[in-house]
Amino acid sequence: MNNDSFDDLVIGGPRWENGSFVDVGVPLQVLLTDGNGFFKEDAALVFGSENAIPRPVHAREGVTADFNRDGFPDIAIASHGADFLDESGRFPMERNFLILSQPNGKYTEVGKGNPAFDYLGFTHSLAVGDIDSDGDVDIVFNDLFVQDEEFCMNLRILVNDGSGNFTHRIETLPDAVYADQFCPSWLSTSLVDMNGDTHLDLVLGGGRTGDKSVILFNDGAGVFNSPDGVHELPSNRRYVLVPDVLAHDVNMDGRMDLILSTTREEPFYEGRYLRVLIQNTDGDYIDETSRYMPQQLWALPWVVELRLVDLNNDDLEDLLLLFEYSEVSSRFAYLRAADGSFKLPAAGAMGAGNGTAVNIDVDGDQDTDLVFVRGLFAEPEVYLLGALKRNDG
């Protein structure tokens, strides 16, 4: 973010005090790497001043992409406000954030005052990609609910004009996505070409009992409302919540498969089950978790995000598991085997970190290292990937 060719790290809220979330904006933390495996916090340098630093209450998910096509990464943040009910029995909610690089090398948050971003909502996830095949990066926000809008307008599709200016395109969802409840609810969102037609499709992970995890196929113009363009994914009776969904060709047959992070609704957000859905030649999805993810750690906390990264330099992408900040674990990854399955390394074999593991090249050697983040303004733990050695300086 300071144009020195080294990867940097941006960390968002929420603030946690006395066993509860706090409904207050928290300035983003920007950790600038020096190329030697160490960080310097300097958000004021990146944004120009302390007052210019964005302050989301609960930055749920952030994604980088070059939205304004100037050759530098920008950031879109899905935020949902404090995660508790206020005195009126509603969630406080908050707006979403768009941070664009500027000609002077600084970054500016431009979402405030922009109706595509500046609305009160409980936005649980987002995905970015060129949905309308015009060469720029668009955004899909997934709102669990929105204040002052029709209850079921869950997907907020923002079409980019190529310069980082977005238009909210209202789209009615096909009837096939609706379950027994009046309004569908999704926790996770992904944009990926699932059927090989070069168009980015929407994969949505279910949010409660009765909701469907679905694929909405793109017609090529960024429209997802065709009645024939809905594919329901196999569900699991006990693990119904899907906090993240990751597309990957697991069995290496040229077709996109899916890895789902799932947890339970009752008890709420307790337990972990990683599911593998394999796409067959007919385009249907078969649950082959027992074959490709046979080792499950049911009692460990649910996984916030799934990432693919080669952790042991064998040219196979492994599965990195991101947890909440407070978790301490040595079981943060599955290693890929030659047959496509994912295996748990022996406990402690890859070290143990205090916090959630984030993949980033901290020393400029073009491989991926791990940084364990414990929360805002806590000193991160850096592990250099070559032998997963802790970098204590």
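Residues numbered from 1 in each chain as written. Predicted model: local features only at pLDDT ≥ 70, side-chain atom pairs only at ≥ 80, totals over all residues. Heavy atoms only, no water.

1. A word on the confidence of the model for the chain
For the chain, the average pLDDT comes to 86, and 88% of its residues sit at 70 or higher. Low pLDDT, under 50, characterises residues 386–393; the predicted model gives this stretch 16 contacts beyond four residues in sequence or across chains. (pLDDT = per-residue confidence, 0-100. Contact = heavy atoms within 4.5 Å.)

2. Let's talk about the nonpolar core
It is characteristic of soluble globular proteins that their nonpolar side chains tend to be buried jointly. Counting residues in each nonpolar core, the largest one holds 28 residues, and the members touching the most others are L319 and F332. Within the residue set of this core, elements represented by two or more residues are β20 (270–279), β22 (305–309), β23 (318–322), β25 (333–336) and β29 (369–373). If one sorts the elements of this core by residue count, β23 sits on top with four residues. Leaving out residues up to four positions away in the same chain, L319 has contacts with L246, I259, L274, M293, L306, R307, L308, F332, A333, Y334 and F342. In terms of nonpolar packing, the next biggest core, distinct from the first, is built from 17 residues, L98, A116, F117 and Y119 among them. (Core = buried A, V, L, I, M, F, W, Y, C linked by side-chain atoms within 4.5 Å. Buried < 20%, exposed > 50% of the residue type's maximum accessible area, 1.4 Å probe, protein only. Helix = DSSP H or I, 4+ residues; strand = E, 2+ residues; numbered from the N terminus.)

3. Describing the side chain of S190
With respect to the secondary-structure elements, S190 resides in strand β14 (residues 186–192). The contact partners of S190, leaving out residues within four places of it in the chain, are A127, D201, L202, V203 and V245.

4. Brief notes about the sheet that holds strand β8 (residues 97–101)
Reading across from one edge, β6-β7-β8-β9 is the order of the four strands in this open sheet, with antiparallel pairing throughout. Of all the strands in the sheet, the pair left with one neighbour each is β6 (59–65) and β9 (107–109). Adjacent strand axes in the sheet meet at a mean angle of 20° when their direction is disregarded. Where strand β7 (residues 74–79) meets β8, three bridges bridge the pair, whose relative direction is antiparallel. When the bridges of β8 are listed, I75 appears paired with I99. (Pairing = 2+ DSSP bridges. Axes fitted to C-alpha atoms, helices over the stretch in contact; angles between N-to-C directions.)

5. Topic: the side chain of D132
With respect to the helices, strands and loops of the structure, D132 is situated in the loop between β10 (121–129) and β11 (138–146). Despite being buried, D132 has no salt bridge partner; R169 is the closest side chain of opposite charge, sitting 5.9 Å away. (Lys, Arg positive; Asp, Glu negative; His and termini not counted. Salt bridge = Lys/Arg side-chain N within 4 Å of Asp/Glu carboxyl O.)

6. Let's talk about the sheet that holds strand β19 (residues 257–264)
The strand order β18-β19-β20-β21 describes an open sheet built from four strands, whose pairing is antiparallel. Looking at which strands have only one partner, the edges of the open sheet turn out to be β18 (241–248) and β21 (285–287). When strand polarity is set aside, the average angle formed by the axes of neighbouring strands in this sheet is 25°.

7. Comments concerning the pattern of salt bridges
By the definition in use, this model includes eight salt bridges. A salt bridge links R307 to E305; the nearest nitrogen and oxygen atoms lie 2.9 Å apart. The class for E305 is partly exposed, based on a relative accessible area of 24%.

8. Quick word on the environment of D219
With respect to the helices and strands, the residue D219 is situated in the loop between β16 (214–216) and β17 (230–232). Put simply, D219 and I131 are 88 residues apart on the chain and 9.3 Å apart in space, counted from C-alpha to C-alpha. At 2.8 Å, the side chain of D219 forms a polar contact with the backbone nitrogen of A221. (Polar contact = N/O pair within 3.5 Å; in protein donor to acceptor, adjacent residues only side chain to side chain.)

9. Regarding the packing of aromatic side chains
Scanning all chains against the criterion turns up twelve aromatic pairs. Aromatic side chains Y239 and W298 sit 5.8 Å apart centroid to centroid with 50° between the ring planes, which places their arrangement in the tilted category. Of this pair, Y239 sits in the loop between β17 and β18 while W298 sits in the loop between α2 (289–292) and β22, and the two are 59 residues apart along the sequence. Given the relative accessible area of 43%, W298 is considered partly exposed. Between the aromatic rings of F268 and Y269, the centroid separation amounts to 4.7 Å while the plane-to-plane angle is 90°, which identifies the pairing as edge-to-face. Judged by relative accessible area, F268 falls into the exposed class, the value being 58%. Cation over ring: R95 sits above F97, and NZ or CZ is 4.2 Å from the ring centre. (Phe/Tyr/Trp six-rings, centres within 6.5 Å; stacked < 30°, edge-to-face > 60°. Lys NZ or Arg CZ within 6 Å of the ring centre and 35° of its normal.)

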